[in-house]
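# Remarks on the overall topology
Below, each chain spelled out in residue letters.
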Amino acid sequence: MSRRLLISGNWKMNLDHLQAIHLVQDLGLRLTAADVAGLDVTVHPPFTDLRSVQSVVEERRIPVELGAQDCAPDDAGAFTGEVSPVMLARLHVAYVIAGHSERRRLFGETDEVVAAKLRAIVRNGMTPICCVGETADERDAGATRERLVAQVSSAAGALAPEQVGSMAIAYEPVWAIGTGSAATPEDAQEACAWVREAVGDVAGADAATTVRVLYGGSVTADNTAELVAMPDVDGVLVGGASLEATAFAAIIRSANGVG
Ligand code: PGA
């Protein structure tokens, strides 16, 4: 079993298109082919930055793939303010995050909406990174596993088994996001194993073997190596530390040292 590590930088609502160009150029200067040889790296800028980042990445052959942070469940139509997955695919977006806890919590995204987005992403030839994770209250109530199983079952049930097998699922405990206190490698491993098991129950053993399960929540260059060393952790989804080229490059290098 060899799953390729995936290191993804979620820029959230940060950096205008000029700052975005700067960051990705800086990343390009810091990353060598050897740094990324054993893994996949994605950056997820805001929508308004995508075209600029795409141009720089393709012109300078920077070894990262383009990602988006969200997309509409529909391909086109009267959906004011939404961004179509067709448009993202045309910009060579390869990966799209769906169901980030900020979207679930602040914008009311339900499991059903997330499922529709996953189908839209796959329908347009892109790879979803579906986020799941428990709140602090759910964790304190001992409901972490139950919460993950519900979210993962809904997500995996939305797609055909082979589509599930090629997607990524990011386990992001809500209490660890942006707090500076990441899950321990042992806790991340336990939760990621539950995620994989839930995938197996819905989509079968092959999908469970190949699906990539990432950890996200206060990832830094200091904790990356021990996280991705865990057998069921196949990469990291990085927020704050992906906004600086030095920090993100250090995360990529430390993951590569393990993979
Ligand atoms: P963080 O965010 O790395 O800043 O904690 C992670 C995420 O929300 O994807």
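Refer to the preceding data block for the structure.
Position numbers for residues start from 1 in each chain and track the written sequence from start to end. Only residues with pLDDT of at least 70 get local features here, since the model is predicted, and only at 80 or more are side-chain atom pairs given and counted; chain-wide, interface and lining totals rely on the full set of residues. As a rule here, side-chain values cover all heavy atoms of the structure and leave hydrogens and water aside.

## With respect to the packing of aromatic side chains
Think of it this way: a Phe, Tyr or Trp ring, Trp meaning its six-membered ring, pairs with another when their centres are within 6.5 Å, and the plane angle makes it stacked under 30 degrees, edge-to-face over 60, tilted otherwise. Summed over all chains, the structure comprises 1 aromatic pair. Relative to Tyr215, the ring of Tyr171 lies with its centre 6.2 Å away and its plane at 55°, an arrangement referred to as tilted. Of the two residues, Tyr171 is situated in strand E6 (residues 168-171) and Tyr215 in strand E7 (residues 212-216); the sequence distance between them amounts to 44 residues. Tyr215 carries the same exposure label as Tyr171, and that label is buried. Here, over-ring charges are defined by two tests on the NZ atom of lysine or the CZ atom of arginine: distance to the ring centre within 6 Å, and angle to the ring normal within 35 degrees. Above the plane of the ring of Phe107 lies Arg103, whose end atom (NZ or CZ) is 4.3 Å from the centre. Counting from the N terminus, the helices are DSSP H or I runs at least four residues long and the strands are E runs at least two residues long. Think of it in three bands: with a 1.4 Å probe and only protein chains considered, a residue is buried below 20% of the maximum accessible area for its type, exposed above 50%, and partly exposed in between.

## Concerning the layout of surface pockets
One number sums up the size of the largest pocket: a volume of about 460 Å³. Here a cavity denotes a set of grid points, spaced 1 Å apart and computed over the protein atoms alone, in which a 1.4 Å probe fits but from which it cannot get out, and a pocket denotes an open set meeting protein on both sides within 12 Å along at least five of seven lines; residues with an atom within 4 Å of a point are reported as lining. Lining the largest pocket are 19 residues, with Met13, Gln69, Asp70, Arg103 and Phe107 sitting closest to its centre. Ranked by residues supplied to the lining of the largest pocket, first place goes to helix H4 (residues 101-106) with 3 residues. Grid points are joined across faces, edges and corners, and a volume is the space filled by probe spheres set on the points.

## Remarks on the site of the ligand
Working definition: residue near molecule or strand if any one of its non-hydrogen atoms lies within 4 Å of it. In the vicinity of the ligand there are 13 residues, among which Lys12, His100, Glu172, Gly178 and Ser218 approach most closely. Any pair of nitrogen or oxygen atoms within 3.5 Å is treated as a polar contact; in protein, a donor-acceptor pairing is required on top of that, and neighbouring residues in sequence qualify only through side-chain atoms on both sides. At a separation of 2.7 Å, an oxygen atom of the ligand approaches a polar side-chain atom of His100. Here Gly239 contributes a backbone N or O atom positioned 2.8 Å from an oxygen atom of the ligand. Basically, the charged four are Asp, Glu, Lys and Arg, the nonpolar ten are Ala, Val, Leu, Ile, Met, Phe, Trp, Tyr, Cys and Pro, and anything else, Gly included, counts as polar. Class assignment for the residues of the shell around the ligand results in 4 nonpolar, 7 polar and 2 charged.

## Some points on the state of the cysteines
Our working definition of a disulfide is a cysteine sulfur pair at a distance within 2.5 Å. A full pass over the atoms with the stated rule returns 0 disulfides. Here Cys71 is not disulfide-linked; the sulfur of Cys130 is the nearest cysteine sulfur, at 12 Å. Classification of Cys71 as buried rests on a relative accessible area of 3%. Unpaired in terms of disulfides, Cys130 finds its nearest cysteine sulfur in Cys131, a separation of 6.6 Å.

## Quick notes on helix H1 (residues 17-30)
Since there are 3.6 residues in each turn of an α-helix, residues three or four apart along the chain are aligned in direction. Between its terminal C-alpha atoms H1 stretches 20 Å, which fits the 20 Å expected from 14 residues at 1.5 Å a residue. Among the residues of H1, those classed as buried are Ala20, Leu23, Val24 and Leu27. With its buried residues spanning 90° around the axis, H1 presents them on a single face. In H1, those exposed residues whose orientation departs by more than 90 degrees from the buried face are Leu18, His22 and Leu29. Capping of H1 at its N-terminal end is provided by Asp16; its side-chain oxygen lies 3.0 Å from the backbone amide nitrogen of Leu18. To estimate how far a helix should reach, multiply one less than its number of residues by 1.5 Å. Think of it as the arc spanned by the lines of direction from the helix axis to the C-beta atoms.

## Comments concerning the sheet that holds strand E5 (residues 127-132)
Spatially, 8 strands are ordered E1-E2-E3-E4-E5-E6-E7-E8 in a closed barrel, and the strand pairing comes out parallel. Mean inter-strand twist for the sheet, computed between neighbouring axes without regard to direction, equals 25°. Only when DSSP finds a minimum of two bridges between them are two strands counted as paired. The sheet contact formed by strand E1 (residues 5-10) and strand E2 (residues 39-44) spans 6 bridges and is parallel. Counterpart to Leu5 in the pairing with E2 is Leu39. Set on the sheet, helix H2 (residues 50-59) makes contact with E2, strand E3 (65-68) and strand E4 (93-98); between it and E3 the angle comes to about 170°. Against the sheet, helix H5 (residues 111-123) makes contact with E4 and E5, and its axis sits at roughly 160° relative to E5, the strand it touches most. Every axis in this analysis is a line fitted to C-alpha atoms, fitted for helices over the stretch in contact. Angles between the N-to-C directions lie between 0 and 180 degrees. It only takes one pair of heavy atoms within 4.5 Å for two residues to be counted as in contact.

## Observations regarding the side chain of Asp49
By the secondary structure assignment, Asp49 is in the loop between E2 and H2. Working convention for charge: Lys and Arg count positive, Asp and Glu count negative, and His plus the chain ends are omitted. Note on definitions: salt bridges are taken to be side-chain nitrogens of Lys or Arg within 4 Å of carboxyl oxygens of Asp or Glu. The charged side chain of Asp49 is buried without a salt bridge, its nearest counter-charge being Arg51 at 12 Å. With near-sequence residues (within four places) excluded, Asp49 lies in contact with Asn14, Leu15, Asp16, His17 and Ala20.

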